[in-house]
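Spelled out from the first residue to the last, the chains are:
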Amino acid sequence: VTVWNRCAADVTGYTADDTMGHHLVSEFITEDFRASVQEVLDRALQGKETANFEFPLVTKDGHSRVEVLLNATSRRDVEGRVVGVVGIGQDITA
């Protein structure tokens, strides 16, 4: 994790300090969705975007889950090389 905005903090209970430098998939995604979320992120690193991917995110209290609708796209440098992933998530918890 390199960016964690205030909305993400409000929804999950994790502050930016809690998440910066940590591995999103292994630390914040429920075990049953880790492989599929990692695949979405890996695809974005290959230049292949994913839209409207749903997965649960564990909240800081460890007892709750937030249902997230994710759009993942490649982050590119000025020369067009993929340098990371931009993930935009929306809380769709009912």
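Refer to the structure printed above.
Every chain's residues receive numbers from 1 upward, in the order its sequence appears when written. Local features in this predicted model are restricted to residues whose pLDDT is 70 or higher, and side-chain atom pairs enter the listing and the counts only when it is 80 or higher, whereas totals over whole chains, interfaces and linings include all residues. Excluded from the side-chain calculation are hydrogens and water; included are all heavy atoms of the structure.

### Looking at the layout of surface pockets
Cavities and pockets were defined on a 1 Å grid built from protein atoms only: a cavity is a group of points that admits a 1.4 Å probe but offers it no way out, a pocket is an open group of points flanked by protein on both sides within 12 Å along at least five of seven lines, and a lining residue is one with an atom within 4 Å of any such point. Grid points are joined across faces, edges and corners, and a volume is the space filled by probe spheres set on the points. Considered as a void within the structure, the largest pocket measures approximately 1,000 Å³ in volume. Surrounding the largest pocket, 33 residues form its lining, Val3, Trp4, Leu24, Val86 and Gly87 being those nearest its centre. Sorting the residues of the lining of the largest pocket by element identifies α1 (6–12), α3 (24–28), α4 (34–45), β1 (50–58), β2 (65–76) and β3 (82–91) as the ones contributing at least two each. The way it works is that DSSP assigns letters per residue, a run of H or I at least four long becomes a helix, a run of E at least two long becomes a strand, and they are numbered from the N terminus. Looking at the lining of the largest pocket, the element that brings in the most residues is β3, giving nine residues. Basically, the charged four are Asp, Glu, Lys and Arg, the nonpolar ten are Ala, Val, Leu, Ile, Met, Phe, Trp, Tyr, Cys and Pro, and anything else, Gly included, counts as polar. By residue class, the composition of the lining of the largest pocket is 20 nonpolar, 10 polar and three charged.

### Topic: the sheet that holds β1
Judged by pairing direction, the sheet is antiparallel, and its three strands sit side by side in the order β1-β2-β3 without closing on themselves. Each edge of the open sheet carries a strand with a single partner, namely β1 and β3. Adjacent strand axes in the sheet meet at a mean angle of 35°, parallel and antiparallel pairs treated alike. Two strands are counted as paired when DSSP detects at least two bridges linking them. Throughout, an axis means a line fitted to C-alpha atoms (over the contacting stretch in the case of helices), and angles, computed between N-to-C directions, take values from 0 to 180 degrees.

### Brief notes about the packing of aromatic side chains
Two aromatic rings, drawn from Phe, Tyr or Trp (for Trp, its six-membered ring), form a pair once their centres lie within 6.5 Å of each other, and the interplanar angle then sorts them: stacked below 30 degrees, edge-to-face above 60, tilted otherwise. Throughout the structure, instances matching the rule amount to three aromatic pairs. For the pair Trp4 and Phe28, a centre-to-centre distance of 6.2 Å together with 35° between the ring planes defines the contact as tilted. Taken together, the residues span a long stretch of sequence, with Trp4 in the segment before α1 and Phe28 in helix α3 at a distance of 24 residues. Three exposure classes are used, based on accessible area relative to the maximum for each residue type with a 1.4 Å probe and protein chains only: buried under 20%, partly exposed in between, and exposed over 50%. The class for Phe28 is buried, based on a relative accessible area of 3%.

### A closer look at the pairing of β1
Relative to β2, β1 runs antiparallel, the two sharing seven bridges. Note on β2: the bridge partner recorded for Thr50 is Ala72. Where β1 hands over to β2, the hairpin turn is made up of six residues, of which Gly62 adopts a positive phi near 80°.

### So, the nonpolar core
Nonpolar cores are built from buried Ala, Val, Leu, Ile, Met, Phe, Trp, Tyr and Cys residues. Side-chain atoms within 4.5 Å join them into one set. Counting 17 residues, the largest nonpolar core has Val37, Phe53, Phe55, Leu57 and Leu70 as the members making the most contacts within it. Aside from chain neighbours lying at most four places away, what touches Phe55 is Ile29, Phe33, Val37, Val66, Glu67, Val68 and Leu70. Throughout, a contact is declared for two residues whenever any of their heavy atoms are within 4.5 Å.

On their own, these measurements won't tell you what the molecule is for.
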